[in-house]
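Listed below, chain by chain, are the residues.
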Amino acid sequence: MGFKNVVIAGGGVLGSQIAFQAAYWGKDVTIWLRSESSISRTRPKIEALKAEYEKAIHLMEKSRSVSIWCNGISKVDSFDSKVCLKRVADAYKRIKIELDIHKACADADIVIESMAEIAKEKTAFYKMLAPVLPEKTVLVTNSSTLLPSKFAAATKRPQKYLSLHFANHIWKQNIAEIMSHDKTDKQYVDQVVAFAKEIGMEPVLVNKEKAGYLLNSLLVPFLLCAMDLYANGVSDPASIDKAWKISTSSPQGPFEILDIVGLETAANICEKYVSVPGFISPLLKKMMFPYNFKGMLKIVRDKIAQGKTGKAAGVGFYKYSSK
Ligand SMILES: NC(=O)c1ccc[n+]([C@@H]2O[C@H](COP(=O)([O-])OP(=O)(O)OC[C@H]3O[C@@H](n4cnc5c(N)ncnc54)[C@H](O)[C@@H]3O)[C@@H](O)[C@H]2O)c1
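Thresholds applied
- Residues take numbers from 1 onward in each chain, read along the sequence in its written order.
- The predicted nature of this model means local features are confined to residues of pLDDT at least 70 and side-chain atom pairs, given and counted, to a pLDDT of 80 or more, with totals for whole chains, interfaces and linings taken over all residues.
- Counting from the N terminus, the helices are the DSSP runs of H or I reaching at least four residues and the strands are the DSSP runs of E reaching at least two.
- For the radius of gyration, the atoms used are the C-alpha atoms, and the globule rule reads 2.2 Å times the number of residues raised to 0.38.
- Our exposure labels follow a C-beta count within 10 Å of each residue's own C-beta, placed from the backbone: buried means 20 or more other C-beta atoms, exposed means 12 or fewer, and partly exposed covers the counts in between.
- When DSSP finds two or more bridges between two strands, those strands count as paired.
- All axes here are fitted lines through C-alpha atoms, helices being fitted over the stretch that makes contact, and every angle between N-to-C directions spans 0 to 180 degrees.
- Remark: residues whose backbone-derived C-beta atoms lie within 7 Å of one another are considered to be in contact.
- Near, as applied to residues and a molecule or strand, means the residue's backbone-placed C-beta atom lies within 6 Å of it.
- Gly is placed with the polar residues, together with every amino acid not listed as nonpolar (Ala, Val, Leu, Ile, Met, Phe, Trp, Tyr, Cys and Pro) or charged (Asp, Glu, Lys and Arg).
- For the domains described, the bounds stem from an automatic or database domain assignment.
- To be clear, the arc concerns the directions from the helix axis to the C-beta atoms.

1. A few points about the overall build of the protein chain
Helix and strand content of the protein chain: 13 helices and 8 strands. Taken against the 2.2 N^0.38 rule, which gives 20 Å for 323 residues, the C-alpha radius of gyration of the protein chain at 21 Å falls within 12% of a compact globule. Along the longest, intermediate and shortest principal axes, the C-alpha atoms of the protein chain span 60 × 50 × 35 Å. In the protein chain, buried positions account for 37% of the 323 residues.

2. Notes on the sheet that holds strand β3 (residues 95–98)
Taken in spatial order, the 8 strands make up an open sheet running β3-β2-β1-β4-β5-β6-β7-β8, and their pairing is mixed. Of all strands in the sheet, those bounded by a partner on one side alone are β3 and β8 (202–206). Averaged over neighbouring strand pairs, the angle between their axes works out to 25° when direction is ignored. One ladder, built from 4 bridges, connects strand β1 (residues 5–9) with strand β4 (residues 110–113); its direction is parallel. Residue pairing for β4: Ile8 is matched across the bridge by Ile112. Strand contacts of helix α1 (residues 13–24): β1, β2 (28–32), β3, β4 and β6 (161–166), with the helix running at about 165° to β2, the strand carrying the most contacts.

3. A few points about the environment of Ala48
Summarising the element assignment, Ala48 is placed in helix α2 (residues 36–62). C-alpha separation for the pair Ala48 and Ser16, spaced 32 residues apart in sequence, amounts to 9.9 Å.

4. Re the site of the ligand
Near the ligand you find 21 residues, and of these Gly10, Gly12, Leu14, Ser144 and Asn168 are the closest. Contributing elements (two or more residues each) for the shell around the ligand: α1, α5 (119–129) and β6. Considering only residue class, the shell around the ligand consists of 7 nonpolar, 11 polar and 3 charged.

5. Brief notes about the domain arrangement of the protein chain
Buried accessible area, meaning the area lost when the parts come together, often serves as the stated size of an interface. If you check the domain split of the protein chain, you get domain 1 (5–206) and domain 2 (215–311). Here domain 1 and domain 2 have C-alpha centroids that lie 29 Å from each other.

6. Description of α5
Along α5, the positions that sit buried rather than exposed are Lys122, Phe125, Tyr126 and Leu129. The buried residues of α5 occupy an angular sector of 95° when the element is viewed end-on, so they sit on one face. In α5, those exposed residues whose orientation departs by more than 90 degrees from the buried face are Lys120 and Met128. Its buried side turned inward, α5 meets β1, α4 (101–105), β4 and α6 (152–155).

7. A short note on the environment of Tyr126
With respect to the secondary-structure elements, Tyr126 resides in helix α5. Owing to 23 C-beta atoms within 10 Å, Tyr126 belongs among the buried residues under this scheme. Between the alpha carbons of Tyr126 and Cys84 there is a distance of 35 Å; along the sequence they are 42 residues apart. When near neighbours in sequence (up to four residues on either side) are disregarded, Tyr126 contacts Phe151, Ala154 and Thr155.

The structure is reproduced here in structure tokens:
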């Protein structure tokens, strides 16, 4: 029997999704929050996720197309909408919210830290957590950009600490990137892999610390290359997307992906590259000078200024009829 009692620290966009996904697959889930005001922000997220899962299941009843199927909710062959809807109802009831860290973690098998991406605050949290956690607890971080070795000492359990990185819309984009640092004990990596499978994820191992894990190590340079082609006037977004999609049979081109990611995030990534060349991709560091980051930033900042921030806003590089 794997981990049963799951504690999520942070109930933001991802924390609430991880909580719902784990509860959906039968785990006893407690979300630890730091204040009453956090509760009023997290509860509506849980309500919204319940509705989101139900909507997804009703769509899955009508079509098995890859574009709508959510493998985090059910595999195609074993899909039974009644069973899935019952799991959603149970998950909703099973999630507890707790402000007292001692109560939250008293019997935790795993704590998933999914707090804001602020290194100083994560370190302070780990230091506060160290004397509270039971011996058995495995601790993971969902950080997208900070490496686990940065925090390992603060956790006081470096051998039981690693990264378990989820993607936004966890029930559909059900990848779990599991990254250890040089002091993580392999047995806990195996336990986290097993846990990820139990909650409907497809785990992949990142055996060496790498900013960007696997996905962003591939995706970020790809998106920057596409924006560079546009910024230098080599071609336009629709043609660049068409070239990519037809030649590789991919469902989306880079500018369609940028619209989904959101142009604010795209601007942040460009800015990060200007200040830290080689962030995520050492390859791009070597090739940095031919890249027109100034031109890319101008394009995305102009769009943001016009409210064209991507698919969620109804317009980015493309216009969308529904958000
Ligand atoms: N949003 C994404 O698409 C995404 C995807 C994968 C991983 N992540 C990672 O997940 C983590 C959370 O991201 P998010 O998008 O959910 O952020 P968010 O801003 O939506 O939520 C952050 C949560 O952390 C809490 N928090 C912030 N500072 C805290 C502190 N000092 N003590 C206790 N709680 C604190 C906030 O109250 C909130 O509940 C980050 O490490 C991020 O890199 C995000």
